[in-house]
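Structure at a glance
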Amino acid sequence: MKEKKLSKELHDSRVGSFYGWPMGLWFIIFFVAPLVIIFVYSFLKKGIYGGVEWNFSLKAYKQMCKPEYGLIVLRTLKITIISTIITILVSIPSAYAMARSRHQTLFLFLVIIPFWTNSLIRIFAWMSILNNDGILNQILMKLHIIKDYVPFLYNTKAVILVSVYMYIPYAILPIFTAVDRFDFSLLEAARDLGATKPQSMFKVLIPGIRSGIISALIFTFIPIFGAYTVPLLVGGKDSYMLGNIIVDQVQKTRNWPLAAAFSMVITLISVIGIMMITRTNSKDAQLKKKNTKEDNYVGGVQ
């Protein structure tokens with residue numbers, strides 16, 4: 001009997017491994033292999049006519065330490081942090097209102113609609129709004145609020161505004177999921193114990209949806225940090241970002257090792273972010289499991 005059980009378990013594990021091979025192969029070809037190539041290229045020499053020479057070199061990482069590149073990295077961090085903070089501040093009340101509404105499906109549909117349109121079309125739409133002769137300037141002039149056009153486009157503010165618009169769905173959805181699973185009786189308990197509505201929100205709700213907020217932070221910060229099209233199309237000289245360096249080094253300067261080195265920086269930040277999400281989710285799962293055991297124990301004693 002035991003032998004049959006062991007043989008069945010062995011057979012099931014082999015079948016499971018067989019079904020897992022396609023996903024593992026896809027992961028290796030489209031994720032691991034490109035990362036390995038980028039990592040290797042970052043330690044090679046730049047070719048005379050582009051490409052790489054197969055000689056070990058740390059020149060790319062030394063070039064990253066130049067002051068002009070340091071300023072661009074700091075500028076990228078500044079734009080990314082401001083955009084991420086604005087996105088999260090807008091997403092939390094939006095997700096809360098969606099979770100408490102009777103029309104959740106409708107609101108989710110409205111949030112997802114932008115994904116149906118090409119990102120370039122959405123950026124060009126914002127360019128038509130913010131341009132010197134765009135919709136916004138025309139409306140302000142007709143209302144006699146301004147006499148001459150205001151340069152809304154081709155600056156850092158435009159990059160921040162369009163970045164918030166482009167990535168706000170990535171923040172709303174995980175926060176909405178966390179709020180929707182939140183036990184709102186805890187807010188009522190906090191109010192009964194004397195907490196004001198703002199206090200109950202900040203001390204009970206926000207910690208309770210921490211996993212969703214952290215996920216939203218990562219899903220927003222990482223793509224904005226490596227963004228290329230938004231600063232290229234709506235930004236100016238003062239909004240040249242890290243993604244623009246990588247593309248220019250590949251297409252114009254043809255310095256592939258330097259582009260690979262900058263790509264490794266973005267990849268490292270992405271991996272750290274994913275590890276943070278995994279760690280936070282595992283901690284929340286352990287805490288919920290512990291609380292469930294304590295509740296069961298108390299119920300059994302009663």
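Residues numbered from 1 in each chain as written. Predicted model: local features only at pLDDT ≥ 70, side-chain atom pairs only at ≥ 80, totals over all residues. Heavy atoms only, no water.

**Some words on the overall build of the protein**
Of regular secondary structure, the protein possesses 13 helices and 2 strands. Counting all 302 residues of the protein, 35% fall into the buried class. When the accessible surface of the protein is summed, it comes to about 19,700 Å², and 67% of that surface belongs to carbon and sulfur atoms. (Helix = DSSP H or I, 4+ residues; strand = E, 2+ residues; numbered from the N terminus. Buried < 20%, exposed > 50% of the residue type's maximum accessible area, 1.4 Å probe, protein only. Areas by Shrake-Rupley, 256 points an atom, 1.4 Å probe, with all protein chains shown as cover.)

**Describing the layout of surface pockets**
Space inside the second largest pocket adds up to approximately 180 Å³. Along the walls of the second largest pocket sit L89, I92, P93, Y96, M201, F202, L205 and I206, which together make up its complete lining. Listing elements by their share of the lining of the second largest pocket, those giving two or more residues are α3 (67–100) and α9 (197–208). Across the lining of the second largest pocket, the residue classes tally to 8 nonpolar, no polar and no charged. (1 Å grid on protein atoms, 1.4 Å probe; cavity = no way out; pocket = protein on both sides within 12 Å on 5 of 7 lines; lining within 4 Å. Points joined across faces, edges and corners; volume = space filled by probe spheres on them. Nonpolar A, V, L, I, M, F, W, Y, C, P; charged D, E, K, R; others polar.)

**Concerning the nonpolar core**
In terms of nonpolar packing, the biggest core is built from 21 residues, with I88, I175, V179, F182, L205, I209 and I213 touching the most fellow members. Of all the secondary-structure elements, those providing two or more residues to this core are α3, α7 (156–180), α9 and α10 (210–225). Here this core gets 7 residues from one element, more than from any other, and that element is α7. Every residue in contact with V179, bar those within four places of it in the chain, is listed here: A95, Y96, A99, F184 and I209. (Core = buried A, V, L, I, M, F, W, Y, C linked by side-chain atoms within 4.5 Å. Contact = heavy atoms within 4.5 Å.)

**Regarding α9**
Helix length check: α9, at 12 residues, gives a terminal C-alpha distance of 15 Å against a target of 16 Å (1.5 Å per residue), a fit within 8%. Residues of α9 that are buried include every one of S200, M201 and L205, and no others. Angularly, the buried residues of α9 cover 100 degrees about the axis, an arc narrow enough to put them on a single face. Seen from the buried face of α9, the exposed residues on the opposite side, beyond 90 degrees, are F202 and K203. In this structure, the buried residues of α9 make contact with α3 and α8 (185–192). (Expected span 1.5 Å × (residues − 1). Arc of directions from axis to C-beta.)

**Points about the pairing of strand β2 (residues 52–56)**
Relative to β2, strand β1 (residues 44–46) runs antiparallel, the two sharing 3 bridges. Opposite L44, over in β2, you have F56 as the bridge partner. (Pairing = 2+ DSSP bridges.)

**Comments concerning a positive patch on the surface**
Positive charge collects at one region of the surface, where K45, K46, K59 and K66 lie side by side. Checked against the element boundaries, K46 lands in strand β1. By relative accessible area, K46 is classed as partly exposed at 37%. (Patch = residues over 30% accessible without salt bridge, like charges linked within 9 Å, V, L, I, M, F, W, Y side chains within 5 Å. Salt bridge = Lys/Arg side-chain N within 4 Å of Asp/Glu carboxyl O. Lys, Arg positive; Asp, Glu negative; His and termini not counted. Charge placed at Lys NZ, Arg CZ, Asp CG, Glu CD.)

**A word on the packing of helix α5 (residues 119–130) against helix α6 (residues 135–142)**
Two elements in contact, α5 and α6, have axes whose closest approach is 4 Å; the angle formed by their N-to-C orientations is 25 degrees. Taken together, the axes of α5 and α6 are roughly parallel relative to one another. On the side of α5, the interface is formed by S128, I129 and L130, while α6 contributes I135, L136 and N137. Residues of the contact of α5 with α6, tallied by class, amount to 4 nonpolar, 2 polar and no charged. (Axes fitted to C-alpha atoms, helices over the stretch in contact; angles between N-to-C directions. Parallel < 35°, antiparallel > 145°, perpendicular 65-115°, else oblique.)

**A closer look at the side chain of T84**
Mapped onto the secondary structure, T84 falls in helix α3. Taking the relative accessible area as the measure of exposure, T84 reaches 3% and is therefore buried.

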